[in-house]
Amino acid sequence: MDRLKDKIAIITGGASGMGAAMVKLFAGEGATVIAADINEENLQKIAELDQVEGMKLDVSSDENWAAVTKAVVDKYGRIDILINNAGISSEKAPDQITEADWTLMHKINSFGPFLGIKHASKYMKEAGKGSIVNTCSYTAIIGSGFNHYSASKGSLRAIARAAAAELGQFNVRVNTVFPGVIETPMTATLTEYKDAMNMLVNATPMKRLGKPEEVANAILFFATDEASYITGGELVIDGGYSAR
Ligand SMILES: NC(=O)c1ccc[n+]([C@@H]2O[C@H](COP(=O)([O-])OP(=O)(O)OC[C@H]3O[C@@H](n4cnc5c(N)ncnc54)[C@H](O)[C@@H]3O)[C@@H](O)[C@H]2O)c1
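Within every chain, residues take consecutive numbers counted from 1 along the sequence as written. Restriction of local features to residues with pLDDT of at least 70 applies here, the model being predicted, together with a cutoff of 80 or more for giving and counting side-chain atom pairs; totals for whole chains, interfaces and linings are based on all residues. Each side-chain value is derived from all of the structure's non-hydrogen atoms; neither hydrogens nor water enter the calculation.

A. View of the overall build of the chain. Strands here are runs of E lasting at least two residues and helices are runs of H or I lasting at least four, both read from the DSSP assignment and numbered beginning at the N terminus. Counting secondary structure elements, the chain contains seven helices and seven strands. Element order for the chain, N to C, with α for helix and β for strand: β-α-β-α-β-α-β-α-β-α-β-α-α-β. Relative to the 2.2 N^0.38 estimate, which gives 18 Å for 244 residues, the radius of gyration of the chain is 17 Å and therefore close to what a compact globule would have. Each principal axis of the C-alpha atoms in the chain carries an extent, and together these give about 50 × 40 × 35 Å. Burial status follows relative accessibility: with a 1.4 Å probe on protein chains alone, a residue under 20% of its type maximum counts as buried, one over 50% as exposed, and anything between as partly exposed. Burial statistics for the chain: of 244 residues in total, 49% are counted as buried. The criterion used for residue contact is that any of the two residues' heavy atoms lie within 4.5 Å. A separation of at least 24 residues holds for 69% of the contacts in the chain among residues at least 6 apart in sequence. Accessible areas in this description were obtained via Shrake-Rupley with a 1.4 Å probe; residue shielding takes into account the shown protein chains only. Surface summary for the chain: the accessible area is close to 11,600 Å², and the carbon and sulfur share equals 54%. The convention is simple: Lys and Arg are positive, Asp and Glu are negative, and His and the chain ends are not counted. Here the site of a charge means NZ on Lys, CZ on Arg, CG on Asp, or CD on Glu. Each charge class in the chain can be summarised by its mean position, and for the 24 positive and 29 negative side chains these summaries are 4 Å apart. Atoms counted for the radius of gyration: C-alpha only. Globule rule: 2.2 Å times the number of residues to the power 0.38.

B. Geometry of the side chain of Asn109. Examined against the element boundaries, Asn109 turns out to sit in helix α4 (residues 99–127). Only 2.8 Å separates the side chain of Asn109 from the backbone oxygen of Ile88, close enough to count as a polar contact. Excluding anything up to four places from it in sequence, Asn109 contacts Ala86, Gly87, Ile88, Tyr149, Ser152, Lys153 and Leu156. N or O atoms within 3.5 Å of each other form a polar contact, as long as, within protein, one can give a hydrogen and the other can take it, and as long as residues adjacent in sequence are counted only when both atoms are side-chain atoms.

C. A look at the site of the ligand. Proximity is defined per residue: any heavy atom of the residue falling within 4 Å of a molecule or strand makes that residue near it. Around the ligand, a shell composed of 28 residues is seen, among which Ser16, Asp37, Tyr149, Ile182 and Thr184 lie nearest. Between the ligand and Gly17 there is a distance of 3.5 Å, counted from an oxygen atom to a backbone nitrogen or oxygen. Asp58 has a polar side-chain atom sitting 3.0 Å from a nitrogen atom of the ligand.

D. Structural detail: the packing of aromatic side chains. Any Phe, Tyr or Trp ring, taking Trp's six-membered ring, that has another such ring centre within 6.5 Å forms a pair; planes under 30 degrees apart are called stacked, those over 60 apart edge-to-face, and the others tilted. With the rule as written, the count across this model stands at three aromatic pairs. With centroids separated by 6.1 Å and ring planes inclined at 15°, the aromatic side chains of Phe111 and Phe114 adopt a geometry described as stacked. Of the two residues, Phe111 and Phe114 are both situated in helix α4; the distance of three residues between them amounts to about one turn of the helix. Taking 5.4 Å as the distance between ring centres and 65° as the angle between the ring planes, the aromatic pair formed by Tyr138 and Tyr241 counts as edge-to-face. Here the residue Tyr138 occupies a position in the loop between β5 (130–135) and α5 (148–167), and Tyr241 occupies one in the segment after β7 (234–237), the gap between them amounting to 103 residues.

Structure below.
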């Protein structure tokens, strides 16, 4: 119940899917949670929970990050935890991808987490501690999804490893999870493609998709002091898909 007692946590993409599951879990474990998202309507709903505040943030904006991290430190004194979780996806085939598609995807999925680390780590370094966890994707590891989404997640993986190497000396940890297909609004349309879905489930050793809470639980571990000597950690959460 108290694994995050008195911690101040920012969770991006906290208004939906896995981010919303993390917001609920972290608040239940005693943290004060700032759900940061671009979707104001969903933010209002999640901010009704105890110990949760909603803050509008476009993760691809340097100015937004500067303002949100400053507002959190001004109000709560510090940032103990940052979860870089906000993201967008696409199933576009390579021959359909435009430069604008590529740029937007990377701006949100890779530049966004980079900016989060840049701004939050400034305060974490001053405090002499901090935990950052990134939601990447198994597409950064396996040869699946030859498109701009996988590329953006591969970029995030490299950023996370470099940040872990750089920030360890300041007692700021950076870890990353790699979910397989998880049942969230992002993947809701996939269920319309019954054949593809059956193939995916059959190819998954655990014979099912993942649930947002199953990713949130793993991220919680990295966020807590229980993981005090883990940085640069990478955890696949995909029901065994990438182990085949
Ligand atoms: N669902 C999956 O199968 C799956 C698998 C692997 C990785 N992921 C990753 O997990 C993360 C969460 O995805 P989800 O499935 O919960 O999706 P989701 O669509 O339910 O939630 C994503 C959230 O990110 C927010 N967001 C989008 N652009 C933003 C921006 N510019 N600034 C701030 N917030 C923004 C959205 O408003 C939304 O609330 C994403 O990074 C996604 O790439 C998802």
